[in-house]
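# Analysis of the macromolecular model
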Amino acid sequence: MEYKAINGNDDSAMNKTTHVAGASIGRRNFIKLSAAGAAMAMATSIVGCAPSTTGSNKEGTYSAGTYSGTGKGKKGNIVVNVTFSDSAIESIEVTDSKETERIAAMAFERIPQDVIELQSLNVDTTTGATLASMGLIDAIADCVDQAGGNSNDLRTGEARAKKEDTVEIECDIAILGAGAAGMAAAVAAGQMGANTVVFEKSCFFGGNCLVSGGVMEHTQAPDDLRADLTDGWKTYFDNRINEHREAGTDPSLVDEVVKQWEDYYATGSTKVFSSPEFLALDLMMLEGNTYDFQHSYAKDAAACLEWLTDMGMEFKPLSGITGYPYPHFTNVKDGVCGEGWFDFYDSEMQANEFPITMLLETPAEELLMEDGRVVGAKGTCADGTQYTVKANKGVLISTGGYSGSKELLIKHDKLWDWESLDDIPCDNTYGHTGDGIVMAEAVGARFDTLDYNQMVLPTVNARTLIPEDQMWNPALPVLFSSEGNRFVDELQDRFTLTKAIMAQEGEVWSVSDANNSLIDENGIHTFTGTKVQDLIDIDAVYSADSLEEIAEWAGFDTDTFLSTIDAFNKSVETGIDEEFGRTSFDETCYIKTPPFYVFPITWSMHITLDGLAANENGQVLNEQGEPISGLYAAGEVVCGTRGVGSQGKGLQAVRYMLAQS
């Protein structure tokens, strides 16, 4: 059985795992680039001969030799070694990079190939990895200048012409978007033998999971992964139950969860209780929406983790996250941030030869309709190739939300007064601009909304605007104003935290110590896999052995800050926060053991919670509440769904699609 790489000149049908991008990358190269295939960013070496046509360069331009150059990427410096003959660029090797591997992979493969083939720096960046691409080109340009060439001339040199090809593909299922929901659906479809085509706007698959904590609710986790029960978590549970009784939630639902709690601890367990039913109650208070919706989400998430466990995936111990403090959440045991999910999917696709075609850098642009049914989609690759895909089982939209679209944020805003801002900070990966919503509305889909419809993440690193660049326990953080005072109960919901942070006149900070920074002996954050030294190198985090040094670096009033630390440590000891009413602490919350860490915090647009109307099987609904034939949706594109847990919705949708005659 043969894999096939498709490019703009190949119009044959595809029935094996294929990855298509602006410059064709075949299976061999894709495996080499994937995180599952080990080293990429530190050892991508491309060697080739100069073509007979060399753009604007001329013989005798270079001083032959190997030079090291540096350019600035999104997350730090990109370092390359470039080898020259006296007339050509002969080889390019990326020797150091802090970029997210899956996001930068195609740039680090394709750009050196193009530079060597064209002998030009006038090469395309890769979609979704623009800063990494530009940093790499700048690093190569640095070497060109060192070798006596003229990088400015090469930046206007020969460019690759766009293709004008049209490719038609027939398949069982077309999936629009390769994030959490889309990739779970694709792998599940592949397992069941369905010929599947995936459109993806960017040059990588993984979506926002790659730049988030990568966590997902694991309500059925074994006890060895669950956190220890503390008085604080018991208080949290009791408070949530009382809130639902006061709110008038169906008493039978609340009573069921209370009985589950009692039955769980009757077994003698000393771990934190969880269940899909309690998660549903918790999410109702944190996000809104109905019990039925949140319970469907929780059950599908549990089914997805059971599916992944059966496939051999292993998980980290459970924890809470910012705005969701109860320890429901896990991540893949191996991998940085959310990359582990997609390393696993990648390895499954390669090992099992699933019939999946990946159209990278190819955003879907239009749904195809025939006789009132959605039968496929059209899209255009970055290289100019136009794809028309017909799918006999239907189309699944999993393109994400619209956090990256100022226009749609303003249109649907209920909470934030976006129109008054020149720019809206956003921590999403490239491409979350509501494309799937717009395409579905064009064929009659209904857009549903919630009162709490746009979730701002209150805490991202203010220097990088990246959620995972924080050296703390995200379930039990402590926040400080620019003067060094606390100003909020840090375990509030995300809306409350965001409002409190927005109200601060100066910069907001967080401080952690050796016991709650979650940094291991190798300097790696155990929750996200981020290296603390990488952040220290770019002044995104500062570390010191005394709180006085921390105060000086952050600009706190030292006496105010030390007094605040003393008061906070007393609250940890007593379990009583007299000033802000925080109820959850554990023995790691004390800030007293060096080394200490401090980093600036800000807010950013993170998740949109309104979106397409869909039923529990993922069928997209029209204005009359009826399913649109052939059209399905999963993930953040659906009203109320968000996060890594949306993998469960992708799995459920594709199982339903394939069960239909």
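See the structure printed just above.
Residues numbered from 1 in each chain as written. Predicted model: local features only at pLDDT ≥ 70, side-chain atom pairs only at ≥ 80, totals over all residues. Heavy atoms only, no water.

Attention now moves to the pattern of salt bridges. A pair can form between side chains of opposite charge whenever their charged atoms are brought close. A full pass over the atoms with the stated rule returns 28 salt bridges. A salt bridge links D448 to R446; the nearest nitrogen and oxygen atoms lie 2.7 Å apart. (Salt bridge = Lys/Arg side-chain N within 4 Å of Asp/Glu carboxyl O.)

Taken together, the side chains of E483, E505, D557 and D559 present a region of like negative charge at the surface. Positionally, D557 belongs in the loop between α15 (547-554) and α16 (558-574). Residue D557 is classed as partly exposed on the basis of its relative accessible area, which comes to 42%. (Patch = residues over 30% accessible without salt bridge, like charges linked within 9 Å, V, L, I, M, F, W, Y side chains within 5 Å. Areas by Shrake-Rupley, 256 points an atom, 1.4 Å probe, with all protein chains shown as cover. Lys, Arg positive; Asp, Glu negative; His and termini not counted. Charge placed at Lys NZ, Arg CZ, Asp CG, Glu CD. Helix = DSSP H or I, 4+ residues; strand = E, 2+ residues; numbered from the N terminus. Buried < 20%, exposed > 50% of the residue type's maximum accessible area, 1.4 Å probe, protein only.)

A word on the packing of aromatic side chains. All chains considered together, the criterion is met by 32 aromatic pairs. Judged by centre distance (6.2 Å) and plane angle (50°), the ring pair of F315 and W341 falls under tilted. Of this pair, F315 sits in the loop between α9 (291-310) and β9 (319-321) while W341 is found in helix α10 (residues 339-352), placing the two residues 26 residues apart along the sequence. Each member of the pair, F315 together with W341, is buried. Ring-pair connections join several aromatic residues into one group, and the members of that group are W233, Y236, F237, W261, Y264, Y265, F273, F278 and Y326. (Phe/Tyr/Trp six-rings, centres within 6.5 Å; stacked < 30°, edge-to-face > 60°.)

A separate point is the side chain of K316. Looking at the secondary structure, you find K316 in the loop between α9 and β9. No salt bridge is formed by the buried K316; its nearest oppositely charged neighbour, D334, is found at 7.7 Å. Reaching out from K316, the side chain makes a polar contact with the backbone oxygen of T526 at a distance of 3.2 Å. Of note is the side chain of K316, whose polar atom sits 3.4 Å from the backbone oxygen of F527. Setting aside residues up to four positions removed in sequence, K316 forms contacts with L225, T330, N331, V332, K333, G335, T526 and F527. (Polar contact = N/O pair within 3.5 Å; in protein donor to acceptor, adjacent residues only side chain to side chain. Contact = heavy atoms within 4.5 Å.)

Glancing now at the nonpolar core. Of all hydrophobic cores here, the largest spans 81 residues; its most connected members are I89, I140, W307, L308 and W341. In contact with W341, not counting residues within four places along its chain, are G214, M216, L305, L308, M313, F315, N331, V332, V644 and Q647. Counting residues in each nonpolar core, the second largest holds 58 residues, with Y326, A475, A554 and C639 among its members. (Core = buried A, V, L, I, M, F, W, Y, C linked by side-chain atoms within 4.5 Å.)

Sheet strands associate in pairs through backbone hydrogen bonding, adopting either a parallel or an antiparallel arrangement. Strand order in the open sheet formed by three strands is β8-β10-β9, and the pairing between neighbours is antiparallel. Both edges of this open sheet fall to β8 (216-217) and β9, since each of them pairs with a single strand only. The sheet contact formed by β9 and strand β10 (residues 324-330) spans two bridges and is antiparallel. Each residue of the ladder has a partner; that of I321, found in β10, is Y324. Along the sheet face, helix α8 (residues 276-287) touches β8 and β10 and points at about 135° away from the line of β10. (Pairing = 2+ DSSP bridges. Axes fitted to C-alpha atoms, helices over the stretch in contact; angles between N-to-C directions.)

Here we take up the layout of surface pockets. Its volume calculated, the largest pocket comes out at about 730 Å³. Residues belonging to the lining of the largest pocket are distributed by class as follows: 13 nonpolar, eleven polar and eight charged. (1 Å grid on protein atoms, 1.4 Å probe; cavity = no way out; pocket = protein on both sides within 12 Å on 5 of 7 lines; lining within 4 Å. Points joined across faces, edges and corners; volume = space filled by probe spheres on them. Nonpolar A, V, L, I, M, F, W, Y, C, P; charged D, E, K, R; others polar.)

Below, the discussion takes up the pairing of strand β3 (residues 65-72). Along a regular strand, successive side chains alternate from one face of the sheet to the other. With eight bridges connecting them, β3 and strand β4 (residues 77-84) associate as antiparallel partners. Residue pairing across strands places K72 opposite N77, the latter belonging to β4. A loop of four residues connects β3 with β4, the two strands running antiparallel in sequence, and G76 in this loop sits at a positive phi of about 145°.

Let's shift gears to unusual backbone geometry. Residues P594 and P595 are joined by a peptide bond in cis, for which omega reads 0°. With respect to the helices and strands, P595 occurs in the loop between α16 and β20 (596-608). Unusually for a residue other than glycine, E353 sits at a positive phi of about 50°. With respect to the helices and strands, the residue E353 is situated in the loop between α10 and β11 (356-359). Exposure remark for E353: the relative accessible area of 26% places this residue in the partly exposed category. For E361, which is not glycine, the phi torsion reads 55° and is therefore positive. With respect to the helices, strands and loops of the structure, E361 is situated in the loop between β11 and β12 (364-370). E361 sits in the buried class, given a relative accessible area of 2%.

Its 16 residues place the ends of helix α7 (residues 251-266) 22 Å apart at the C-alpha level, agreeing with the 22 Å of an ideal helix rising 1.5 Å per residue. Among all positions of α7, only L253, V254, V257, W261, Y264 and Y265 are buried. All buried residues of α7 lie within an arc of 105° about the axis, which places them on one face of the element. Summarising the geometry of α7, the exposed residues directed more than 90 degrees from the buried face are P251, E262 and A266. Where α7 is buried, its residues meet α6 (231-247), α8, α9 and β10. With its phi angle positive at about 95°, G268 sits one or two positions after the end of α7. (Expected span 1.5 Å × (residues − 1). Arc of directions from axis to C-beta.)

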